[in-house]
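What follows is each chain in one-letter form.
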Amino acid sequence: MSEKPECLWLTTNPSLQSFDQPLLQHLSQHLRIGQWTYYQSADEPCSLEIALELLHDYLTNNDSPSIREASPLDNPGGNRKIHLIGHGTGGLLGLLYAARYPEKVKSLTLLGVGVHPALNWHAHYYVLRQLLPCSRYQVLTQMVHTLLGQQSQGTAQAIVSLLERDLDTSISPHSLYKRASLPPVRVSVPLLVCGSQNDPIVDSQQIVGWKSHLKKSDRIWLAPQGYHFFHYFYPQEVGRVILQFWKGTFTPLLIPSCVSEA
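Model, not experiment: these values are computed from the prediction. (Residues numbered from 1 in each chain as written. Predicted model: local features only at pLDDT ≥ 70, side-chain atom pairs only at ≥ 80, totals over all residues. Heavy atoms only, no water.)

Caption draft 1: Inspection of the side chain of His56 at higher detail. Structurally, His56 can be placed in helix H2 (residues 48-61). A relative accessible area of 17% means that His56 is categorised as buried. Apart from the residues lying within four places of it in its own chain, the contact partners of His56 are Tyr97, Tyr101 and Lys104. (Helix = DSSP H or I, 4+ residues; strand = E, 2+ residues; numbered from the N terminus. Buried < 20%, exposed > 50% of the residue type's maximum accessible area, 1.4 Å probe, protein only. Contact = heavy atoms within 4.5 Å.)

Given below as structure tokens:
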């Protein structure tokens, strides 16, 4: 039996990867899944292009040092394709990669990535920093509730520390001086876009906005709640939809509730 992963989870910053673990653990019970993580220091320039090149080198040669995976991906070159999945900026990276190298990608799953794919929590944070006479810590504390709902004071403080690290080392294209924007990106590979109905960062209209760009093989799915990290709160429901999509058994274009479907 081959030990090569069937799916690769893309992480553009390890600071927030703990929110991905419940879904990764659920998916790993059903198929082999690897995790590709891009590491960047605070002194390095933010560059999606560099991350794209490293990801392509890895999928072509399996020689990137920035990989942590559940199973080895030996010699993934040639005609072998792999499912890509990512949340937020990780999803954006997967989207850009699938558009550039469709021959490498079996399917693409985006979590919390709207039809304007550069929109993420960093963009919201920098808007608040410009509008509110508040410190970085105060704005990030507010962002905790925006991203994850009401949290205890101790939990909120711990999450603020994670968000601070993510701001300092993420390859997100936004900054205090400039917020980037990208038009919708079309891909030729099968696409699943998932979001949450109560996500104030990438709201349901951003997710449903994908409909005019979808192919027959593509699907949209909305969780009824879960905020921006809905896959952390509902890993089994999100995992079930992803597995159905990969198996070709997920037929509705838009499901308004992850709970109501049997």
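Caption draft 2: Quick peek at helix H1 (residues 21-28). Those residues of H1 not exposed but buried are Leu23, Leu24, His26 and Leu27. All buried residues of H1 fall inside an arc of 160 degrees around its axis, so they share one side. Those residues of H1 that are buried are in contact with strand S1 (7-11), strand S2 (33-37), strand S5 (105-111), helix H8 (230-233) and helix H9 (235-247). (Arc of directions from axis to C-beta.)

Caption draft 3: Spotlight on the side chain of His83. Mapped onto the secondary structure, His83 falls in strand S4 (residues 82-87). When residues no more than four places from it in sequence are discounted, the contact partners of His83 are Glu6, Cys7, Leu8, Lys106, Ser107 and Trp246.

Caption draft 4: Region of the structure containing the packing of aromatic side chains. Under the defined criterion, the tally for this structure stands at seven aromatic pairs. Ring geometry for Phe19 and Tyr232: centres 5.3 Å apart, planes at 85 degrees, overall edge-to-face. Of this pair, Phe19 sits in the loop between S1 and H1 while Tyr232 is found in helix H8, placing the two residues 213 residues apart along the sequence. Judged by centre distance (5.0 Å) and plane angle (70 degrees), the rings of Tyr125 and Tyr126 are edge-to-face. Tyr126 gets classed as buried once you look at its relative accessible area, which sits at 11%. One aromatic cluster is present, built from ring pairs that chain together Phe19, Phe229, Tyr232 and Phe233. (Phe/Tyr/Trp six-rings, centres within 6.5 Å; stacked < 30°, edge-to-face > 60°.)

Caption draft 5: Just the pattern of salt bridges, in detail. If you walk through the whole model with that rule in mind, you get four salt bridges. The shortest N-O distance in the salt bridge between Arg100 and Glu49 comes to 2.7 Å. With Arg100 in helix H3 (residues 89-100) and Glu49 in helix H2, the pair connects residues that are 51 residues apart, well separated along the chain. Note on Arg100: relative accessible area 41%, which makes it partly exposed. Among the salt bridges present, the one from Arg136 reaches Asp168, with a minimum N-O distance of 3.1 Å. Of this pair, Arg136 sits in helix H5 (residues 136-148) while Asp168 is found in helix H6 (residues 153-169), placing the two residues 32 residues apart along the sequence. Owing to a relative accessible area of 27%, Arg136 belongs among the partly exposed residues under this scheme. (Salt bridge = Lys/Arg side-chain N within 4 Å of Asp/Glu carboxyl O.)

These results come straight from atomic positions and should not be treated as a statement about function.
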